[in-house]
Structures are given as structure tokens and as C-alpha cells.
Amino acid sequence: MANKKIRVRYAPSPTGHLHIGNARTAIFNYLFARHNKGKFIIRIEDTDTKRNVADGEKSQLDNLKWLGLDWDEGPDKPGKFGPYRQSERRSIYDPLIQQLLDEDKAYYSYRTEEELEADREEQRAKGIMPHYEYEYAGMSEEEIKKSMAESEAKGLKPVIRFRVPKNKTYAWDDVVKGHVEFNSDTIGGDFVIVKRDGMPTYNFAVIIDDHEMQISHVFRGDDHVANTPKQLMMYEAFGWEAPVFGHMSLITSADTGKKLSKRDESIIQFIEQYRDLGYLPEAMFNFITLLGWSPKGEDEIFSQRDFIKMYDEHRLSKSPANFDNKKLEWINNQYVKAADEDVVMDLALRQLIAKGNIDENPDALTIEWARKLINTYKQQMSYMAQINSMADVFFNEPAKVSGEALEEIQNETAPVVLKAFAEKIKDVPVFDKVEILKTIKEIQKETKIKGRQLWMPIRIAVTHESHGPELPESIELIGREKALKHIDETLKQINQ
């Protein structure tokens, strides 16, 4: 293995959108390949035809590209090890299946699903771990042939099962977990390698593909550990060398400490959803890479090039990785702050249009107004969809001033400030932040009212909020007409 070229793969099933956990698997394989100047391959594992969905493959590839991943071989980049879809590799699988049958390392099994479930129920009732029991136990070769013929005559479709060696230890030195071993008697008996429809199962196809494609290392989630001894058995059966395995820790919710479940609706779990919310791909790449892998030092913001340069598979964590929404928002905010203005403008404008706050085909004046609005909130946004809630005051009439905000302006000086401000902005020739700031300073000079007693009444009356972006910018964005209307309503509310 030491002399083998580095070749790793990410092998998604086209059964839906790209999940955070799967994206992490792809990224770790990608970084390992690029750091070691090896090859990164995409292979589509589509043998489970019942679960495949339309455009499932396209969705996977599109979202990987959005994250910034590129690959050397795949369904869209054919190489000499193709095809890169398992459904197109039957001509490779079939002779090898026949080889196992000929060598009595596999056999046809006719037990129906109903019979298998009855067996499992009986085992559970006896307190035994459910497993497959050899259906031809105690039969002679002639009796086995007769049983198979009778099953065929009934029209039963067989599966093909791999014959598991008895009481044998299968071990490997895992890049992440260290030494791991299983006894063959604990894996549940002879397992299926070809389904009733003739399609090979995952555990069979994956070892054929990895061998044929000369995969040197397999990095995958911890939930695949139980599959590894089965795969080692088949490598042994064919006399092939197995790749180096690394099983990455589970991802858990920072809130519950439990394994990230697709049923947990408190966490958004699919890359496409983050795209729709206006997250930046570079930020997602950064955040996901830190789920179960740690760099040296305390820094947390790195470019893809940085990660490639410093990636070390031995820094993959054995402990579960915490998925922390707040940390993701913080990381994305760092990228938003540093992003090119046009990038932020484009993504945030799409959010405003999608919400209906701005027309689908805005004119030049509206676009310029939106640019000022978006720039006003750029430093605060963790992701672009927040622009709609943050800037709600600019699109919807605010509720009446109430609570602490109302208390803030129920004093002698607030009406003085508001009336003076309203009077002056009626005649400001250019209603922009520069003139608005100059106006507020004039009021301070004329009334001798300053600080909080000057600024807060104006902010609360115009925006109906106690906090927000810079006040002159906010007032410019609200516009002269609406600002005057809000001040008039507020003065009436405090009976002035």
C-alpha cells in the first residue's frame, strides 16, 4: 500500500440532497487527495433503484461544485476506470459474482422476506440477536440441489449470499479509530451480495469498485464500521489487498448531544438549504472542515488553499463533532464582512426579491437603493436571508411605539427634538445621510440637547426601534416622506 498512488473517492447515492455529513466525507477525501497530490474520484452508488430520485445525481454534483470541490474522474469526467455509475458496471460485477459461486464462496438463497422476518421474531423471543441462519444446514449436496429446484419451480427469486468464514478475526488499523477487530461470528451470518432483482448490494459493489478503480484509502463515516469486516472478507475471498480505512466520528447536535438525525428539524441539514438562505460556499467549506478535524493553533478562518496545505488525516478526531449553529453563523458572518460588495449585493438582493420586498425586475433607482440598504447591514448579517427581517422597517409599517421605547421618549426634550428635526428635513435639498447628520448636529447646537436625549427620540420615532444601523443611513433609506409620517404619528402618540 505504501507504494500505491493516492486515489480516494466520494461515492454518493442519488437518493436526495447533499447532507452535511456526506458533504464532510467528500471534503475530507478531497483535502486528503489534494494535500497528497493524489486523485479525487466521484462514483455514483445507484444500485438501490427503489430509493433513487430524479435529478438526485445532479443535485449531489451541483452542490459539491458549489462548495468548491473539483474532481479528477467521475460520471461527468470519464477516466480509464469507468463507468462511474454502479448501475453501468454490471459487466464488471457479474463475472466476479459467478467466480464466488463457482468457488462455493457464495450461494443462492431462496428464503422469502416473510420467512426471514419469522426467523428474526423467533430469535428475538428467545433473546437472541437476529441473524441469518443457513437454510441448507444438515443437507447433502443432492438435497440442496433438490431444495433449490423446488424453490425455482415455485417461482421464487433467489438472492446470492456470501459464505462468511466461521470464528475468524478480521482486523484493520483505522486511520482515525486505531486498531479495530471483529469476529466473523458476530456480523449476522451469511450476507446478501446480490438482490432478487439481480443488482449487487452495496457491500459487494463497493469492494469491486474500490479494487478496480485502485482506491488507496477509504475515508467514510463511523456508521460504516460494521460494513468493514464484511468487505475485508470479500477482499480476502478474491485475494485482493484492501485499502486503508479511516472512519470519521459522528456529527452530534451541540444542543442535544445526540447524533445528527435527518428527522431533527432544529438543525438545517442539507447544503441546498444553506444555499437558499444565502450562506457563502467558502464559509460552509470552512465550517464543515472543522467538524471533526482540527488545525494546529487557535485560528478558525481558513481558505480552501490553507486547508489543502495543512491537512493532516491524523488530526481527524475520534470524538463526536458538535454541529453548532451559532458557530456556523459566526464563521459565515466573518466571510460576509470580508466578501466583495457585489457578491453580497447579488445574494442579498435575491433574498429581497424572493421575499417580495423588491420587484423581480427592479429599476436602476431601486437597485441603487437596495445596494445602500444591503451595505448598511453587511457587517451584521450572518447569512443573506436575514436582510428581510433586519430591514423589515423599510418595507412594512412598524407597530406603534411601545414598552421601553415609548418610555424613552416620554420626557420634555423628546418633542422638542422631534419637531425641530421634522421641520428641518422638510427643506433639506438632498435627503441623504450627509445632510441628515448635519441636520441632527444643527438641532444639537440650537437646542443644547445632546447624546441619548438627542439621538434616541429620532431613532425611535422614525424607525420605531431602539437599536439598528447608523441613524443617518437608516433615515435616508426610509425616505423623507415616510420619516415625516412616522414622526407625526409618534408625536400624536405622546400627545404633543
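Preceding this paragraph is the structure being described.
Note that the structure is predicted; figures quoted are calculated from it, not measured. (Residues numbered from 1 in each chain as written. Predicted model: local features only at pLDDT ≥ 70, side-chain atom pairs only at ≥ 80, totals over all residues. Heavy atoms only, no water.)

1. Describing the overall build of the protein
The condition that has to hold: By definition, any uninterrupted DSSP run of H or I lasting at least four residues is a helix, any uninterrupted run of E lasting at least two residues is a strand, and each is numbered from the N terminus. Here the globule rule reads 2.2 Å times residues to the power 0.38, and the radius of gyration is calculated from C-alpha atoms. Buried residues are those whose accessible area, probed at 1.4 Å on protein chains only, stays under 20% of the maximum for their type, while exposed residues exceed 50% and partly exposed ones sit between those limits. Any two residues whose heavy atoms approach within 4.5 Å are treated as being in contact. Computed by Shrake-Rupley with a 1.4 Å probe, the accessible areas treat only the displayed protein chains as cover when residues are assessed. When charges are counted, Lys and Arg are positive and Asp and Glu negative, with His and the chain ends excluded. For this purpose, a charge sits on NZ of Lys, CZ of Arg, CG of Asp or CD of Glu.
In terms of helices and strands, the protein carries 20 helices and 11 strands. Over its C-alpha atoms the protein spans a radius of gyration of 32 Å, topping by over 25% the 23 Å that the globule rule assigns to 496 residues. Overall size of the protein, expressed as C-alpha extent along the three principal axes, is 110 × 50 × 40 Å. The buried share of the protein, taken over its 496 residues, is 48%. Here the contacts in the protein between residues at least 6 apart in sequence split such that 74% fall between residues at least 24 apart. A total of about 25,100 Å² of accessible surface is found on the protein, and carbon and sulfur atoms cover 48% of it. Across the protein, the mean location of the 70 positive side-chain charges is 2 Å away from that of the 83 negative side-chain charges.

2. Some words on the nonpolar core
The condition is simple: To form a nonpolar core, buried Ala, Val, Leu, Ile, Met, Phe, Trp, Tyr and Cys residues must be joined to one another through side-chain atoms within 4.5 Å.
Core analysis: the largest hydrophobic core is formed by 102 residues, its most contacted members being Leu69, Met284, Phe323 and Phe421. Counting residues per element, this core draws most heavily on helix H1 (residues 20-35), at 9 residues. Look past the residues within four positions of Phe421 in its chain and what remains in contact with it is Ile436, Thr439, Ile440, Ile443, Ile458, Val462, Ile475 and Ile487. With 37 residues, the next largest nonpolar core counts Ile193, Ile207, Met213 and Ala237 among its residues.

3. With respect to the environment of Asn375
To keep it simple, the criterion reads: Pairs of N or O atoms are called polar contacts if they sit within 3.5 Å, as long as, within protein, a hydrogen donor faces a hydrogen acceptor (for residues adjacent in sequence, only side-chain-to-side-chain pairs).
Looking at the secondary structure, you find Asn375 in helix H13 (residues 364-377). The class for Asn375 is partly exposed, based on a relative accessible area of 33%. Taking the C-alpha atoms as reference, Asn375 lies 22 Å from Met456; in sequence the two are 81 residues apart. There is a polar contact of 3.5 Å between the side chain of Asn375 and the side chain of Glu341.

4. Brief notes about the sheet that holds strand E7 (residues 191-194)
Threshold: If DSSP finds at least two bridges between two strands, the strands pair. An axis is simply a line fitted to the C-alpha atoms; with a helix, the fit covers only the stretch in contact. Between two such axes, the angle follows the N-to-C directions and lies from 0 to 180 degrees.
Taken in spatial order, the 3 strands make up an open sheet running E3-E4-E7, and their pairing is antiparallel. Bordering the open sheet on either side are strand E3 (106-109) and E7, each of which pairs with just one other strand. Neighbour-to-neighbour, the strand axes of this sheet turn through a mean angle of 45°, independent of strand direction. When E3 meets strand E4 (residues 159-162), the two strands line up antiparallel, connected through 4 bridges. Bridged to Ala106 within E4 is Phe162. Where helix H7 (residues 227-238) meets the sheet, its contacts fall on E4 and E7, and the angle it forms with E7 comes to roughly 60°.

5. Quick word on the side chain of Asp190
As a reminder of what qualifies: Take a side-chain nitrogen of Lys or Arg and a carboxyl oxygen of Asp or Glu: if they are within 4 Å of each other, that pair is a salt bridge.
Examined against the element boundaries, Asp190 turns out to sit in the loop between strand E6 (178-183) and E7. Nearest to the buried, unbridged Asp190 among oppositely charged side chains is Arg163, at 5.0 Å. Reaching out from Asp190, the side chain makes a polar contact with the backbone nitrogen of Val164 at a distance of 2.9 Å. Setting aside its immediate chain neighbours within four residues, Asp190 contacts Tyr107, Tyr132, Tyr134, Arg161, Phe162, Arg163 and Val164.

6. Considerations on helix H9 (residues 281-289)
Extensive coverage of H9 is indicated by the burial of 8 of its 9 residues. Of the positions making up H9, those classed as buried are Pro281, Ala283, Met284, Phe285, Asn286, Phe287, Ile288 and Thr289. In this structure, the buried side of H9 is in contact with H1, helix H2 (56-66), helix H8 (271-276), helix H10 (304-310), strand E11 (321-323) and helix H11 (325-338).

7. Section: the side chain of Asn63
Residue position: Asn63 is located in helix H2. Discounting chain neighbours no more than four positions away, the residues touching Asn63 are Leu18, Ile271, Glu272 and Arg275.

8. Quick look at the pattern of salt bridges
One pass over the full model with this rule turns up 39 salt bridges. In this structure, the salt-bridge partner of Glu446 is Lys424, at a minimum N-O distance of 3.0 Å. Note that Glu446 is positioned in helix H17 (residues 433-447) and Lys424 in helix H16 (residues 413-425), a separation of 22 residues in sequence. The partner of Lys438 in a salt bridge is Glu435, with the nearest N and O atoms 3.4 Å apart. In this pair, Lys438 and Glu435 both sit in helix H17, 3 residues apart, roughly one turn of the helix.

9. Let's talk about the pairing of strand E1 (residues 7-10)
Note the following rule: Throughout, right-handed denotes a crossover for which the path from the first strand over the helix to the second runs clockwise when the strands point away from the viewer.
Here E1 shows a buried face lined by Arg7 and Arg9 and a second buried face lined by Val8 and Tyr10. One ladder, built from 4 bridges, connects E1 with strand E2 (residues 39-42); its direction is parallel. In the sheet register, Arg9 faces E2, and the bridge partner there is Ile41. Handedness of the E1-H1-E2 crossover: right-handed.

10. Regarding the packing of aromatic side chains
Rules: Centres within 6.5 Å are what make two rings of Phe, Tyr or Trp a pair, Trp counting through its six-membered ring; a difference in plane orientation under 30 degrees is then read as stacked, over 60 as edge-to-face, and the rest as tilted. Each ring is checked for a lysine NZ or an arginine CZ that lies within 6 Å of its centre and within 35 degrees of its normal; such an atom marks a charge sitting over the ring.
Here the structure, examined in full by the defined rule, presents 22 aromatic pairs. Judged by centre distance (5.7 Å) and plane angle (85°), the rings of Trp369 and Phe395 are edge-to-face. Of this pair, Trp369 sits in helix H13 while Phe395 sits in the loop between helix H14 (386-390) and helix H15 (403-408), and the two are 26 residues apart along the sequence. Given the relative accessible area of 18%, Phe395 is considered buried. An aromatic cluster of three or more residues is present, and its members are Phe28, Tyr30, Phe40, Phe285, Trp293, Phe302, Phe307 and Tyr311. Above the face of the Tyr132 ring, Arg161 is positioned so that its terminal group lies 3.7 Å from the ring centre.

11. Overview of unusual backbone geometry
In this structure, the amide linkage connecting Gly82 to the following residue, Pro83, adopts the cis form with an omega of 0°. Within the chain, Lys37 stands out as a residue other than glycine whose phi angle is a positive 55°. The backbone phi angle of Asn167 is positive, close to 45°, even though this residue is not glycine. In this structure, Asn167 sits in the loop between E4 and strand E5 (169-174). Judged by relative accessible area, which is 56%, Asn167 ranks as exposed.

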